[in-house]
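# Per-entry structural report
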Amino acid sequence: MKLNILYFARLKDSFGMGSEQLETDAASVDELLTELRQRGDNWSCELAAGKAFRVARNQELVRLDATLGDGDEIAIFPPVTGG
Amino acid sequence: MQAFTVRVQQERFDSGVEIDRLSHNPACGAVVSFNGLVRDYGDRQDVAALQLEHYPGMTEKALHTIIEQARQRWQLQAATIIHRVGHLPLGEAIVLVVTASSHRKDAFAAAEFLMDFLKTEAPFWKKEILRDGSAHWVEAKASDQHAIGRWQ
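This structure is a prediction, so every number in the text was calculated from the model and none was measured.

About the thresholds
Numbering of residues begins from 1 in every chain and follows the order in which that chain's sequence is written. Just so you know, chain letters begin at A and ligand numbers begin at 1, following the order they were written in. This being a predicted model, a pLDDT of at least 70 is required before a residue's local features are given, and a value of 80 or more before pairs of side-chain atoms are given or counted; all residues contribute to the totals for chains, interfaces and linings. The contact rule is simple: place each C-beta atom from the backbone, and if two of them lie within 7 Å, those residues are in contact. Starting at the N terminus, helices and strands are each numbered in turn, a helix being any DSSP run of H or I of at least four residues and a strand any DSSP run of E of at least two. Residues are sorted three ways: Asp, Glu, Lys and Arg are charged, Ala, Val, Leu, Ile, Met, Phe, Trp, Tyr, Cys and Pro are nonpolar, and all the rest, Gly among them, are polar. Labels follow a simple rule on C-beta atoms placed from the backbone: if 20 or more others lie within 10 Å of a residue's own, it is buried; if 12 or fewer, it is exposed; otherwise it is partly exposed. Think of it this way: DSSP has to see at least two bridges between two strands before they count as a pair. Axis definition: a line fitted to C-alpha atoms, limited for helices to the stretch in contact. Angles are taken between N-to-C directions and run from 0 to 180 degrees.

## Topic: the interface of chain B and chain A
Between chain B and chain A, the residue contacts involve 21 residues of the former and 14 residues of the latter. At the level of elements, helix H2 (58–73), helix H3 (104–121) and strand E7 (124–130) of chain B are the ones that each hand at least two residues to the side of chain B that touches chain A. Sort the elements by how many residues they give to the side of chain B that touches chain A and H3 of chain B lands first, with 5 residues. Along the lines of polarity and charge, the residues of the side of chain B that touches chain A split into 12 nonpolar, 4 polar and 5 charged.

## Overview of unusual backbone geometry
All names here are of chain A. Even without being a glycine, Asp 41 presents a positive backbone phi close to 45°. Tracing the backbone shows Asp 41 in helix H3 (residues 41–46). Assessed through the 9 C-beta atoms surrounding it within 10 Å, Asp 41 is described here as exposed. Despite not being glycine, Gln 59 has its phi angle at roughly 70°, a positive value. Residue position: Gln 59 is located in the loop between strand E3 (54–57) and strand E4 (60–62).

## Quick notes on the sheet that holds strand E4 (residues 78–84) of chain B
Residues and elements named next belong to chain B. What the 4 strands build is an open sheet, ordered E1-E4-E6-E2; its pairing is mixed. Looking at strand neighbours, the two that pair on one side only are strand E1 (4–9) and strand E2 (30–37), the edges of this open sheet. Pairwise comparison of adjacent strand axes, ignoring direction, gives a mean angle of 5° for this sheet. Taken together, the 6 bridges between E1 and E4 define a ladder with parallel strand orientation. Paired with Phe 4 across the two strands is Ala 79, which belongs to E4. In the packing of H3 onto the sheet, contacts are made with E2, E4 and strand E6 (93–101), and the angle to E6 comes to roughly 145°.

Have a look at this one:
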């Protein structure tokens, strides 16, 4: 299945990319994060359990146990700081 | 005229025009507005500007959802949220919230509610650019998270 993944703010800088298309078998957000952490370096550091970040699926905030579907837009970003 | 509007833009806005736009409904006795400005200190001192990033699409949805939540709690005739993105120099406006209601208390409460939830739910991120040219992402504040607690 194919996911469109977006990264914002500190994570975009740290990963050196704002978006990517990923072919994956991850069935949940949690499994996707496990896969991304395996890239090591900044990925394992920024996405470590206990680090503050948020995940949105198709532009709605979701929990880590949320399931994934083909073509989903997944965004991973730090806690928001607008206003 | 659209009574409930949300705008995300790089350009400056004119608060007076926006307040005036919500001030011609004979049922509205109260219009409250809040302007958020770029300040010279944040996580660090000597802030010269902010760089604002957002998540196009989700931002607008999140702001409309926050307005819907406010409408369920207070009697609102109209509301406007404008949030700027991009490079914002010291002293410039970042955000404008305007609420219009028959009654002052509803307009005040809704404006504060909109700002509290905007700060914790809408996907905007600030980067502080200091006078020496260095830049860093602003950390989310626990106090902002606490601020929404009082509405629950």
